[in-house]
Amino acid sequence: MSDMQSRPAGSETPPAGTGSDTPPEAIKAIKLRHPWRIVLAVVLVLLVVLFVVDAAVNRPVYNWPEVGKYLFDTRVVEAAGYTLQLTVYSMVIAIILGIVLAVMRLSPNPVVKSVAWVYLWLFRGTPVYVQLVFWGLVGVIYKSIDVGIPGNEPWISIVTSDLLSYFALAIIGLALNEAAYMAEIVRAGLLAVDRGQEEAATALGLGWWHTMSRVILPQAMRVIIPPTGNEVISMLKTTSLVIAVPFTLELFTRTQDIAAKTYQPVPMLIVASIWYLAITSVLMVGQYYLEKHYAKGVDQRPAPQKPTVETSAVTAVEPGELPGVVPPSNRPGGGA
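Since the structure is predicted, the reported quantities are computational estimates derived from the model, not experimental observations.

(A) Geometry of unusual backbone geometry. Following V245, the chain continues to P246 via a peptide bond in cis, the omega torsion being 10°. Within the fold, P246 resides in the loop between α11 (208-238) and α12 (251-262). A positive phi angle, close to 50°, is found at N63, a residue other than glycine. Structurally, N63 is set in the loop between α2 (35-58) and α3 (64-70). The backbone phi angle of Y263 is positive, close to 55°, even though this residue is not glycine. As for its placement among the helices and strands, Y263 is situated in the loop between α12 and α13 (265-294). The exposure class of Y263 is exposed, given its relative accessible area of 69%.

Take a look at the structure:
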């Protein structure tokens, strides 16, 4: 017993026949082989190569010279600009309106909450194409916008078709539809923030606006950004439906107009697809950096603390060996 106590803590008796200074044998790790992964990868590469060669050589309907001719055509570039404008304007309006609707959904006021719920029910429950057709008929349904006292001569009367162009109607239709989805995304992000954050902000004397803008929303953005990035990319592709308004200057409709004159629909579809892919790639890069910005500190963990003294340097001592330390058994009231 005394030998065990006098031996340094953490030291172990070396195995028989070996010296204490003998280093342990290195582990011989054998890498696990995955032959079927290599076979699958080779098959996939061969399929891609065969498709590319077949499309370049054996499919004249693709007409790659025609694709190169119209890829940077002035009409196509202008149409891509209109598509970007529709996407940006609609998403900005949708995000602002979505935040308002999300706050309304979380409001304790039952009337405000019900109005937000009906809005979401209406715009999420009907196809966006149907909504765009409706907005295209607004000038027929409401021929003029009158301001004044009902039953009397209006003070101001504006013809609806003069006030709202097809471009504006397309933005309104896309934005109002997208706002219903953004409201649910923002609401999910707000609910993901711990309730204690709001209570702590209130305890510090922050008002509702500062609590939302400086405490809740910055933390909710980590949850909001990924689905919002997906919605932006989806909105870019949804702009191809604004022909229902009808607005005909966006990318897809413009390329189809050119194809109707050249009788080459497939090359013009490839041109539109290349532009959509290029813009989508830029948006995905922006989404990546936004996610990285709002995820600062999430994946960072403190390094595990290491002992400042090696375990082998700590020795066990008998009770009473340290000066000034009285064993518990010798203290007043101590046990035997």
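Don't stop here, the text continues.
(B) Fine view of the side chain of Q287. Note on placement: Q287 falls in helix α13. Q287 has contacts with I225, P226, G229, N230 and I233, leaving out every residue within four places of it along the chain.

(C) Broad picture of the confidence of the model for the protein. Predicted confidence across the protein gives a mean pLDDT of 83, with 82% of residues reaching 70 or more. Low pLDDT, under 50, characterises residues 1-6; the stretch is placed with two contacts to residues that sit more than four places away or in other chains.

(D) Here's a closer look at the nonpolar core. Counting residues in each nonpolar core, the largest one holds 39 residues, and the members touching the most others are L86, L101, Y119, L132 and V242. Elements represented by at least two residues in this core include exactly α4 (74-105), α5 (110-125), α6 (128-136), α9 (166-192) and α11. Discounting chain neighbours no more than four positions away, the residues touching L101 are A116, Y119, L120, A179 and A183. In terms of nonpolar packing, the next biggest core, distinct from the first, is built from 17 residues, V76, M268, I270 and A272 among them.

(E) Fine view of α9. End to end, α9 covers 39 Å across 27 residues, agreeing with the expected 39 Å (1.5 Å per residue, within 8%). At A179, α9 is bent by approximately 30°, the largest bend along its length. Most of α9 sits inside the fold, with 19 of its 27 residues counted as buried.

(F) Examining the pattern of salt bridges more closely. Scanning all chains against the criterion turns up six salt bridges. E198 is the salt-bridge partner of R195, the closest N and O atoms lying 3.0 Å from each other. Of this pair, R195 and E198 both sit in helix α10 (residues 195-203), three residues apart, which is roughly one turn of the helix. Relative accessible area serves as the criterion here: at 29%, E198 is assigned to the partly exposed category.

(G) Expanded view of the packing of α9 against α11. Two numbers describe how α9 lies on α11: the axes approach to 8 Å, and their chain directions differ by 145°. Considering how the two elements wind past one another, α9 and α11 form a crossing that is right-handed. Residues L174, E178, Y181, M182, I185, V186, G189, L190 and A192 of α9 form the contact with α11, whose own contacting residues are M212, I216, L217, A220, V223, I224, P227, T228, E231, M235 and T238. Classifying every residue of the contact of α9 with α11 gives 15 nonpolar, three polar and two charged.

About the thresholds
Residues numbered from 1 in each chain as written. Predicted model: local features only at pLDDT ≥ 70, side-chain atom pairs only at ≥ 80, totals over all residues. Heavy atoms only, no water. Helix = DSSP H or I, 4+ residues; strand = E, 2+ residues; numbered from the N terminus. Buried < 20%, exposed > 50% of the residue type's maximum accessible area, 1.4 Å probe, protein only. Contact = heavy atoms within 4.5 Å. pLDDT = per-residue confidence, 0-100. Core = buried A, V, L, I, M, F, W, Y, C linked by side-chain atoms within 4.5 Å. Expected span 1.5 Å × (residues − 1). Bend = angle between axes of the 7 residues up to and from the residue. Salt bridge = Lys/Arg side-chain N within 4 Å of Asp/Glu carboxyl O. Axes fitted to C-alpha atoms, helices over the stretch in contact; angles between N-to-C directions. Left-handed = near helix turned anticlockwise from the far one by under 90°. Nonpolar A, V, L, I, M, F, W, Y, C, P; charged D, E, K, R; others polar.

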